[in-house]
Amino acid sequence: MENKIVDHLFRHHYGKMVAILVRYFGLSHIETIEDAVQDTFIKATLQWRKQLPDNPEAWLTKVAKNRTIDLLRSIKSEKNRADKIATGTSSIELNDLFLDHEIADSQLRMIFVACHPRLKPHEQIAFALKTISGFSTKEIAAALLTKEDTITKRLNRAKQAIVKNNIQFDFPSPNEAQDRLARVMEVVYLTFNEGFHSTNKDKLIREDLCGESIRLCKLLLKKEKFRSGSLYALFALLCFHAARLESKTNDANEIVDIREQDRSKWFFPLIQIGNGSMNKAMEYDDVSIYHYEAAIAAEHIKAKTFEETNWERILNWYTELQELQPSTFHLLNIAIVNLQLNNFEVVKDILEKLPISDLEQREYLYYGCYAEYYAKRGDLVLAVAHLDTTIKKTSNRQERAYLEKKKLKFEMQSQI
């Protein structure tokens, strides 16, 4: 029981504690601070077996602060600074940083540090997941379909870049804000996508990643200076997708195709929040990919049944999205939508010209689309052949099981 409480607190408070302590002690000490926070949770695991403190969060804060001071004191060059930190007004100031509004402010600062242009894109998302969301190296590696030692190297490079470039724990200047915010939104979006349709071998849906993305988006929206149509549209998109999470798998943890999903399980309060956010997005002049993707998600949400889906409108949104930001993924989605409209020649033309290598780990989706194309054209032999390729290129076990069932269905139909 105690370990479950510690795990819960770790997931929800690691990032807060790191951000606050970094704000006080400085980014140059981030490694020491992470060690201190890690030590604190290990200590909690051991001590709480005997008795839980009356206020676990306050206990963690106090112990993490003291542990950081101890570690800094052990560094000879920091001895004088550490002595001053331990007592007097500095101690009071540090405690003040644990007030709710200061916690949010510190975490927002950390988001912008993670997305600093001096850090490479791969380093940014790994650093964000580690320092803001409290993910372990193993979890980050699983989320990003990368080896643990690769993630360790990325995190080390990010920390080195922060020290080398003297990156400050602060918000970007007004002239840099929009570019940095665009990257922040991209990291939030990528994190959510990995949770919504994970490349993890064993788990298709990572609710923790989805929840963390929504939380970070809400944090950004609380600051008026960061609000924009794009940010509201992104938040709407995340809400629309998150509303459907429960229906994506059944009680046996099997994938449920959107055609078969129980739409009564879609979480209406989140849909309402998404609708409100989209209305706010329209009050601003900027237009982004998030506007179009949210509009597409909204079309699926509106349809009472799969058959009532307005594919013509979805095709229109995807076409405009492709014009705004050309992408191989958007083209593949355009092919999939055209397949629903029985525009077979259009589908074939797109698939024949598609640069498959651009899809990387999602390459299997291309062959899955081809399988559906041949199935709808009545050529079940070719449909099965393409499903075989899809299965071979699919890393997730749940998806493979889903595709195996579909293949068996096609094989049975071909024998009738």
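Above this text is the structure in question.
What counts and what doesn't
- Residues numbered from 1 in each chain as written.
- Predicted model: local features only at pLDDT ≥ 70, side-chain atom pairs only at ≥ 80, totals over all residues.
- Heavy atoms only, no water.
- 1 Å grid on protein atoms, 1.4 Å probe; cavity = no way out; pocket = protein on both sides within 12 Å on 5 of 7 lines; lining within 4 Å.
- Points joined across faces, edges and corners; volume = space filled by probe spheres on them.
- Helix = DSSP H or I, 4+ residues; strand = E, 2+ residues; numbered from the N terminus.
- Expected span 1.5 Å × (residues − 1).
- Buried < 20%, exposed > 50% of the residue type's maximum accessible area, 1.4 Å probe, protein only.
- Arc of directions from axis to C-beta.
- Contact = heavy atoms within 4.5 Å.
- Salt bridge = Lys/Arg side-chain N within 4 Å of Asp/Glu carboxyl O.

Colleague: Break down the layout of surface pockets for me, citing the residues and quoting the values.
Modeller: A volume near 290 Å³ is recorded for the second largest pocket. Lining the second largest pocket are 15 residues, and of these Met278, Met282, His291, Ala295 and Trp317 sit closest to its centre. Contributions of two or more residues to the lining of the second largest pocket are made by α13 (268-281), α14 (289-302) and α15 (311-324). With seven residues, the top contributor of residues to the lining of the second largest pocket is α14.

Colleague: Account for unusual backbone geometry, with residues named and values stated.
Modeller: For Asn166, which is not a glycine, the phi torsion comes out positive at approximately 50°. Within the secondary structure, Asn166 sits in the loop between α9 (148-164) and α10 (174-196).

Colleague: A description of α15 should follow, citing residues and the corresponding values.
Modeller: Counted at 1.5 Å a residue, the expected span for α15 with its 14 residues is 20 Å, and the 20 Å between its end C-alpha atoms agrees. Within α15, burial applies to Trp311, Ile314, Leu315, Tyr318, Leu321 and Gln322. Buried residues of α15 fall within an arc of 125° about the axis and therefore sit on the same side. Facing away from the buried side of α15, by more than 90 degrees, are the exposed residues Glu312 and Glu323. Those residues of α15 hidden inside the fold are in contact with α14 and α16 (328-340).

Colleague: I'd like a rundown of the environment of Glu31, residues and numbers included.
Modeller: With respect to the element layout, Glu31 can be found in helix α2 (residues 30-47). Look at Glu31 and you get partly exposed, because its relative accessible area is 43%. Note: C-alpha distance between Glu31 and Asn156 (125 residues apart in sequence) is 9.3 Å. Once residues lying within four places of it in the same chain are set aside, the contact partners of Glu31 are Asn156 and Lys159.

Colleague: Quick rundown of the pattern of salt bridges? Include the residues and the values.
Modeller: Under the definition given, this model contains 17 salt bridges. Of the charged contacts, one joins Asp105 and Lys223 as a salt bridge, the two residues approaching to 3.0 Å between their closest N and O atoms. With Asp105 in helix α6 (residues 100-114) and Lys223 in the loop between α11 (207-222) and α12 (229-242), this residue pair connects regions lying 118 residues apart in the sequence. Judged by its relative accessible area of 8%, Asp105 is buried. Residue classification places Lys223 among the partly exposed positions, given a relative accessible area of 26%. A salt bridge links Glu186 to Arg183, with the shortest nitrogen-to-oxygen separation between them at 3.0 Å. Taken as a pair, Glu186 and Arg183 lie in helix α10 at a separation of three residues, close to a single helical turn. Take Glu186: its relative accessible area is 37%, and that puts it in the partly exposed class. Members of the salt-bridge network, linked through shared partners, are Arg23, Asp105, Arg109, Asp170 and Lys223.

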